[in-house]
Amino acid sequence: MTVRPVPHLVVEGFLSDDEHAELLQIASDDGLFAPAHVTHPGANKGTTDDRFRRATVADVAPEVFDIFEDKLTALLPHLRREIGIDRFAAGRIERQITAYRDGDFFRPHTDVGDPYAESAARRLSYVYYFNDAKRGYEGGELVLFDEETTDDGAIERAESFVVIEPVDNSIVFFPSTALHEVRPVTVTGEPGALGNTRYTVTGWFRDRDHVRPAPPLDRPTRTALTQRYTPSFTDTGFKKITTPAAVHRTLRAVYEQRSPQAQPESPDVHMPTGRPDFVSIDDISGQFQFALQSIHEEWAGVELEPTAAYGLRIYRAGQTLLPHTDRLSTHVISSIVHIAHDTVDPWPLSITDLDGNEHEVLLEEGEMLLYESARCPHARPTPLNGNAYCSLFIHYKPIDWDLTEWSLVERAQADEALDLLPEALWPAPRVGDANQTD
């Protein structure tokens, strides 16, 4: 376990007296400021949340920040070296005036959002402090938390940290990925007096070449786009066949040998009635992919490459599976290889064919279902009446396959099929991650 201090750089006397006075004149207009926002998971836009952050912010005319632009741009090469940030193509420099008054604060957060947010392009953050008189408040320090790397490689918040005092006419630079907070401000002077507000100009250097990855579409939207903008490979989208005898015998032996070591599967939103058990076969999965590949290729009529062999998955009593389609980038031509079950009643798979018709398919031990898993919604809506139902899931994609969720969105937009898209295509960043200012 190692601890890495967050690199940062403080520069004092950043602006001239005239430039400092110009900023103070702007900040003296309280009408410019509005409550600061944070964005919660699942929200479409920022909202105020006094439990996480309390401050006010002001967006002012771009020419106001001309005094910063040249200085920041000139400093960037030096900042990269001092802070240890990899070289990036400098894009837009964001900036905003923030005011922290009595009781204002900002809990620990980062300045970048999840990979799908615009703020993910931020590379270097800066906070410039300026006061309108001798400080009449306590607190308001910027706290930069060190990073702790655990033995398994995970990066977590360390117990140690660095405290940066809000010194007038100073500026601090740090990586936008750094976890940091603003301690509460407590006014010590007369109410309404000068010097009682912690003013900052806060901003971020952005990477001009940053490209956001594909947005994680909700299932109905993804299914609609997939069915409209991807090719189909078969007549119906699924076919039940007999598993090759040698493959079934081997899988059955593995199931009987390893099932006592089964562990609960990771949580999944499509399994609302409990997690199935999972038996890992990562050490031997390749042989099943190879043995079954030609069967999938003959059925689909295209050359394939294996992408996953998942399982063994063992459903238990009362469990269900909600309707869904699989990952377009990798789960194109797939199969459910049924190995064994101990059930009271048959447990059908519900699957929708390429024409939109719904079917119920029963698999016996030693049978498998070939299906276009990214195109055909499938589910097990009936609770399992029995003790166990075990299958292996094999996935392939066509050679040179390059379709992703993002390419589906681009195709839909090019076709002006915007009615298929959700109102907010990009998911909201996590609380305290994106669109935050200090």
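Residues numbered from 1 in each chain as written. Predicted model: local features only at pLDDT ≥ 70, side-chain atom pairs only at ≥ 80, totals over all residues. Heavy atoms only, no water.

Draft legend 1. View of empty space enclosed by the protein. Summed over all chains, the structure comprises 1 cavity of 30 Å³ or more. Taken as a whole, the largest cavity holds about 50 Å³ of empty space. Lining the largest cavity we find Thr226, Thr230, Pro231, Phe233, Leu328, Val332, Glu372, Ala374, Arg375 and Trp401. Classifying every residue of the lining of the largest cavity by side-chain character gives 6 nonpolar, 2 polar and 2 charged. (1 Å grid on protein atoms, 1.4 Å probe; cavity = no way out; pocket = protein on both sides within 12 Å on 5 of 7 lines; lining within 4 Å. Points joined across faces, edges and corners; volume = space filled by probe spheres on them. Nonpolar A, V, L, I, M, F, W, Y, C, P; charged D, E, K, R; others polar.)

Draft legend 2. Quick look at the layout of surface pockets. Reported here for the largest pocket is a volume of approximately 590 Å³. As for the largest pocket, its lining consists of 25 residues, and the residues nearest its centre are Asp268, Arg313, His324, Asp326 and His331. Mapped by element, the contributors of at least two residues to the lining of the largest pocket are helix 3 (219-229), strand 19 (304-315), strand 20 (321-324), strand 25 (378-380) and strand 26 (386-398). The dominant element in the lining of the largest pocket, judged by the number of residues it contributes, is strand 19, at 4 residues. Residues that form the lining of the largest pocket fall into these classes: 10 nonpolar, 7 polar and 8 charged. (Helix = DSSP H or I, 4+ residues; strand = E, 2+ residues; numbered from the N terminus.)

Draft legend 3. Up close: the sheet that holds strand 22 (residues 349-352). Taken in spatial order, the 4 strands make up an open sheet running 20-25-22-23, and their pairing is antiparallel. Whereas interior strands pair on both sides, the edge strands pair on one side only; in this sheet they are strand 20 and strand 23 (358-361). When the angles between neighbouring strand axes are averaged without regard to direction, this sheet yields 20°. Of the strand pairs in this sheet, strand 22 and strand 23 are connected by 4 bridges, and their pairing is antiparallel. (Pairing = 2+ DSSP bridges. Axes fitted to C-alpha atoms, helices over the stretch in contact; angles between N-to-C directions.)

Draft legend 4. Summary view of the packing of aromatic side chains. Scanning the entire structure with this criterion turns up 15 aromatic pairs. Residues Phe278 and Tyr310 carry aromatic rings whose centres are separated by 5.0 Å and whose planes lie at 40° to one another, so their mutual orientation is tilted. Here Phe278, found in strand 18 (residues 277-278), pairs with Tyr310, found in strand 19; they are 32 residues apart in sequence, far enough to count as distant. Its relative accessible area of 32% is what places Tyr310 among the partly exposed residues. Aromatic pair Trp347 and Tyr389: ring centres 5.1 Å apart, planes at 70°, arrangement edge-to-face. A residue pair is termed long-range when its members are at least 10 positions apart, and Trp347 in the loop between strand 21 (333-343) and strand 22 and Tyr389 in strand 26 qualify at 42 residues. Accessibility expressed as a relative area gives 4% for Trp347, which makes it buried. Looking at Tyr389, the relative accessible area reads 3%, which means it is buried. The rings of Phe14, Phe33, Phe65, Phe68, Tyr128, Phe130 and Tyr199 are connected pair by pair, giving a single aromatic cluster. One residue, Arg313, lies across the ring of Phe393, its end atom 4.9 Å from the ring centre. One Lys or Arg, Arg380, reaches over the ring of Trp347 and ends 4.6 Å from the middle of that ring. (Phe/Tyr/Trp six-rings, centres within 6.5 Å; stacked < 30°, edge-to-face > 60°. Buried < 20%, exposed > 50% of the residue type's maximum accessible area, 1.4 Å probe, protein only. Lys NZ or Arg CZ within 6 Å of the ring centre and 35° of its normal.)

Draft legend 5. Main features of the side chain of His109. On the secondary structure map, His109 appears in strand 7 (residues 105-109). Reaching out from His109, the side chain makes a polar contact with the backbone oxygen of Arg107 at a distance of 2.8 Å. (Polar contact = N/O pair within 3.5 Å; in protein donor to acceptor, adjacent residues only side chain to side chain.)

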